[in-house]
Amino acid sequence: MSRPVTLFSGQWADLPLDTMCQKTRSFGYDGIELACWGDHFEVDKADDAYCKKKLALLKKHKLELYSISTHLVGQSVCDNIDERHQSILPDYIWGDGDPEGVRQRAAEEMKKTAAAAKRLGINVVNGFTGSSIWHLLYSFPPLSEKMIDRGYQDFADRWIPILDEFEKLGVKYGMEVHPTEIAFDIASAERALEAVDHHPAFGFNYDPSHFGYQGVDYVEFIYRFSERIFHVHIKDAKWSDVPAEAGVFGGHIAFGDRRRFWDFTSPGRGDTNFEEIIRALNRIHYTGPLSVE
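Remember, predicted model here, so these are calculated numbers, not experimental data.

A. Local environment of the pairing of strand E2 (residues 31-35). Counting buried positions over the 5 residues of E2 gives 5, a clear majority of the element. Residue alternation in E2 divides its side chains into two sets, Gly31, Glu33 and Ala35 and Ile32 and Leu34, and both sets are buried. Taking the sense of rotation as the criterion, the β-α-β connection linking strand E1 (residues 5-8), helix H1 (residues 17-26) and E2 turns out right-handed. In this structure, E2 lies alongside strand E3 (residues 68-69), joined through 2 bridges in parallel fashion. Directly across from Ala35, in E3, lies its bridge partner Ser69. Once you follow E2 into helix H2 (residues 48-60) and on to E3, the crossover reads as right-handed.

B. Summary view of helix H10 (residues 274-283). Where H10 is concerned, the buried positions are Phe274, Ile277, Ala280 and Leu281. Down the axis of H10, the buried side of the element spans an arc of 120°, and every buried residue falls inside it. Projecting away from the buried face of H10 at angles above 90 degrees are the exposed residues Glu275 and Arg283. Those residues of H10 that are buried are in contact with strand E6 (202-206), helix H9 (218-224), strand E7 (229-234), strand E8 (236-239) and strand E10 (290-292). The backbone nitrogen of Glu275 lies 3.3 Å from a side-chain oxygen of the residue at the head of H10, namely Asn273. Phi turns positive one or two residues past the end of H10, at His285, with a value near 65°.

Scoring rules and cut-offs
Residues numbered from 1 in each chain as written. Predicted model: local features only at pLDDT ≥ 70, side-chain atom pairs only at ≥ 80, totals over all residues. Heavy atoms only, no water. Buried < 20%, exposed > 50% of the residue type's maximum accessible area, 1.4 Å probe, protein only. Helix = DSSP H or I, 4+ residues; strand = E, 2+ residues; numbered from the N terminus. Right-handed = clockwise from strand over helix to strand, strands pointing away. Pairing = 2+ DSSP bridges. Arc of directions from axis to C-beta. Contact = heavy atoms within 4.5 Å. Polar contact = N/O pair within 3.5 Å; in protein donor to acceptor, adjacent residues only side chain to side chain.

Written out as structure tokens, the structure is:
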């Protein structure tokens, strides 16, 4: 089963999109997944004329478009906002930095992103959700179930209105299950789905690189959520088979440090079993792109 292979532009948002398109085509990719930062795709400018211009540029370079990604703004919908977010957000969303104001403006931007996707003629937007309870990952001091419940209720309260707008426009949101999000493994992904009452516009951008080092069965994830896999990232990670100085939580050590238990790698250079992933995607009849990140 052949699928288009695309390249996610987010890591090269410092390059002008025309340059990025030239390189993407020269590398042999079928298409590009546009990040909603840098000049690659700017939601606040995305009227009909702007979208037509972007599509014309992609056509010029013989590149297809299947999705856009808004990880940075999506992260800010539910997060505990602090100075970290100022570095990833446009000024018009950061504003005066008041946390609730940032969250509200991010939510409105998400709705506008769905409308922009429709203008582009695509039906998938990928991204993060943020989480008000990620800091409660380890249960000490002791925390109550009510605290976790409140976090999932906060997620539902903030995201259901966004997802309703996505549904009206015929666009789906592929949440990338990832540490720091409301869903970061199979169990939390199931709970996130339950929180939004299995909203038809809510599913997943499947990225196996965030699972293996946690000890999560990344192939089972595909089967468990077979009807909710809206998009796929090809990204790899390598983890140690012996104890390390900095474990799963990273020890506040930067990526690339040899003392880490795990690290990201180029696809095929890590420990992720992509053959089993592709077999699983075949079995669930996923026909969308494989987007290399």
